[in-house]
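Next come the chains, spelled out residue by residue.
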Amino acid sequence: MRMILIGPPGAGKGTQAARLVDQLRIPHISSGDMLRAAVKEGTALGVEADGYMKAGKLVPDEVVIGMILERIARPDAAGGFMLDGFPRTIPQAEALSAAMTRAGYTLDRVVLIEVPDELIVERGVGRRNDPVTGRIYHLTFDPPPPEVAARLVHRKDDTEEAIQQRLVKYHGETAPIVPLYEAQGVLRRVDGVGTPDEVTARLTAALAS
Ligand code: ADP
Ligand code: ADP
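Keep in mind that this is a model prediction, so the values were computed, not measured. (Residues numbered from 1 in each chain as written. Chains lettered and ligands numbered in written order. Predicted model: local features only at pLDDT ≥ 70, side-chain atom pairs only at ≥ 80, totals over all residues. Heavy atoms only, no water.)

Novice: Give me the site of ligand 1: which residues, what numbers.
Specialist: Every one of the 20 residues lining ligand 1 counts as a neighbour, but Ser31, Arg36, Lys57, Arg127 and Arg166 are closest to it. A distance of 2.9 Å is found between an oxygen atom of ligand 1 and a side-chain nitrogen or oxygen belonging to Arg88. Considered on its own, ligand 1 offers 550 Å² of accessible surface; in the complex 97% of this is hidden by protein. The dominant element in the shell around ligand 1, judged by the number of residues it contributes, is helix H2 (residues 31-41), at four residues. Residue composition of the shell around ligand 1, by class: seven nonpolar, five polar and eight charged. (Near = heavy atom within 4 Å. Polar contact = N/O pair within 3.5 Å; in protein donor to acceptor, adjacent residues only side chain to side chain. Areas by Shrake-Rupley, 256 points an atom, 1.4 Å probe, with all protein chains shown as cover. Helix = DSSP H or I, 4+ residues; strand = E, 2+ residues; numbered from the N terminus. Nonpolar A, V, L, I, M, F, W, Y, C, P; charged D, E, K, R; others polar.)

Right under this line is the structure:
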């Protein structure tokens, strides 16, 4: 299975990817997670990406495209992968498509997780990440157990201002890639409002359809 998860910031892409990859036995490739790791390690790529990310702006296409194409060429992704957060622009979608054609791969599914803008800020500001396990929590919707609460991280770009900025980028730059996948017949839309379990059930059905 070679697939992409698309959706606004906070739609639940990371939460759902973590639930699905175990059963699908494919790597979860999150451009945001890879960029945050590069920032933490202080690599040249991380230093370049940091300012864009803090402001809720998109990291330049050439930086992200190089990073992801190199990642999906690794052996563990030879049998399939789940992309989360990439592509986010038309040039990124075109670069991915060209690379997959060169490698002789076809894209099986693109799932768009739909969540109305009004719910996005609340999901983002309440998000907390566990740096030890990678698990994503929400202070209200998915509260962490007391024993992990102290070590949780609140992302620098999960402020109301940066989330609004990411939402603008989503509608302006990312939403336009949806029709490309719709035209290829691989797009499935999933309602992202409901409990995480309900959304997982919809996603599983969408992947099978
Ligand atoms: P969210 O899903 O909450 O928007 P991500 O973790 O996917 O957050 O991305 C965080 C930030 O990383 C983005 O705001 C952007 O700065 C950068 N980023 C991640 N993926 C991409 C991408 N494909 N293209 C450009 N920038 C990206
Ligand atoms: P994305 O990867 O699309 O940015 P996340 O998976 O990180 O989104 O989810 C954003 C926040 O919303 C997290 O705090 C997560 O716990 C919470 N969340 C995820 N799915 C749901 C859901 N179905 N209902 C309510 N909150 C959710």
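Novice: For the sheet that holds strand E4 (residues 109-114), give the residues involved together with the corresponding values.
Specialist: As summarised here, the arrangement of the five strands in space is E2-E3-E1-E4-E7, forming an open sheet in which the pairing is parallel. Single-partner strands in this sheet number two, and they are strand E2 (28-30) and strand E7 (187-191). Averaged over all pairs of adjacent strands, the angle between strand axes in this sheet comes to 20 degrees, irrespective of strand direction. In this structure, strand E1 (residues 2-6) lies alongside E4, joined through four bridges in parallel fashion. Pairing of Ile4 across the sheet is with Val110, part of E4. Its contacts with the sheet place H2 against E2 and strand E3 (81-84), and it is angled at close to 65 degrees to E2. (Pairing = 2+ DSSP bridges. Axes fitted to C-alpha atoms, helices over the stretch in contact; angles between N-to-C directions. Contact = heavy atoms within 4.5 Å.)

Novice: Give a detailed account of the site of ligand 2, specifying residues and quantitative values.
Specialist: Taken together, 19 residues form the shell around ligand 2, and within it Gly10, Lys13, Thr15, Arg127 and Tyr137 come nearest. Within the side chain of Lys13, an N or O atom sits 2.8 Å from an oxygen atom of ligand 2. Protein burial of ligand 2: of its 560 Å² of free accessible surface, 92% is covered by the chains. Listing elements by their share of the shell around ligand 2, those giving two or more residues are helix H1 (13-24), strand E6 (136-138) and helix H10 (196-208). Partitioned by chemical class, the residues of the shell around ligand 2 number eight nonpolar, eight polar and three charged.

Novice: I'd like a description of the side chain of Asp84, backed by residues and values.
Specialist: Within the fold, Asp84 resides in strand E3. Buried charge without a salt bridge: Asp84, with Lys13 as the nearest opposite-charge side chain at an N-O distance of 5.0 Å. Side-chain polar atoms of Asp84 contact the side chain of His28, separated by 2.9 Å. If we skip the residues at most four places from it in the chain, Asp84 touches Leu5, Lys13, Gly14, Ala17, His28, Ile29, Ser30 and Ser31. (Buried < 20%, exposed > 50% of the residue type's maximum accessible area, 1.4 Å probe, protein only. Lys, Arg positive; Asp, Glu negative; His and termini not counted. Salt bridge = Lys/Arg side-chain N within 4 Å of Asp/Glu carboxyl O.)

Novice: A description of H1 should follow, citing residues and the corresponding values.
Specialist: In a regular helix each residue adds 1.5 Å, so 12 residues correspond to 16 Å; H1 covers 15 Å between its end C-alpha atoms and thus fits that length. Taken as a whole, H1 has its buried residues at Lys13, Gly14, Gln16, Ala17, Leu20 and Val21. When H1 is viewed along its axis, its buried side chains cluster within an angular range of 150 degrees and face the same direction. Away from its buried face by more than 90 degrees, H1 exposes Asp22 and Gln23. Looking at the buried side of H1, the elements it contacts are E1, E2, E3, E4, E6 and H10. Once H1 finishes, Arg25 follows within two positions and takes phi at roughly 55 degrees, a positive value. (Expected span 1.5 Å × (residues − 1). Arc of directions from axis to C-beta.)

Novice: Lay out the packing of helix H6 (residues 117-125) against helix H8 (residues 160-174) in plain terms, naming residues and giving numbers.
Specialist: Direction vectors running N to C along H6 and H8 enclose 135 degrees, while the axes themselves pass 10 Å from each other. With respect to their mutual orientation, H6 and H8 come out oblique. Here the hand of the crossing between H6 and H8 comes out right-handed. Judged by residue contacts, Asp117, Ile120, Val121, Gly124 and Val125 of H6 engage Glu160, Ile163, Gln164, Leu167 and His171 from H8. For the contact of H6 with H8, the per-class residue count stands at five nonpolar, three polar and two charged. (Parallel < 35°, antiparallel > 145°, perpendicular 65-115°, else oblique. Left-handed = near helix turned anticlockwise from the far one by under 90°.)

Read these as layout, nothing more, since geometry by itself doesn't imply function.
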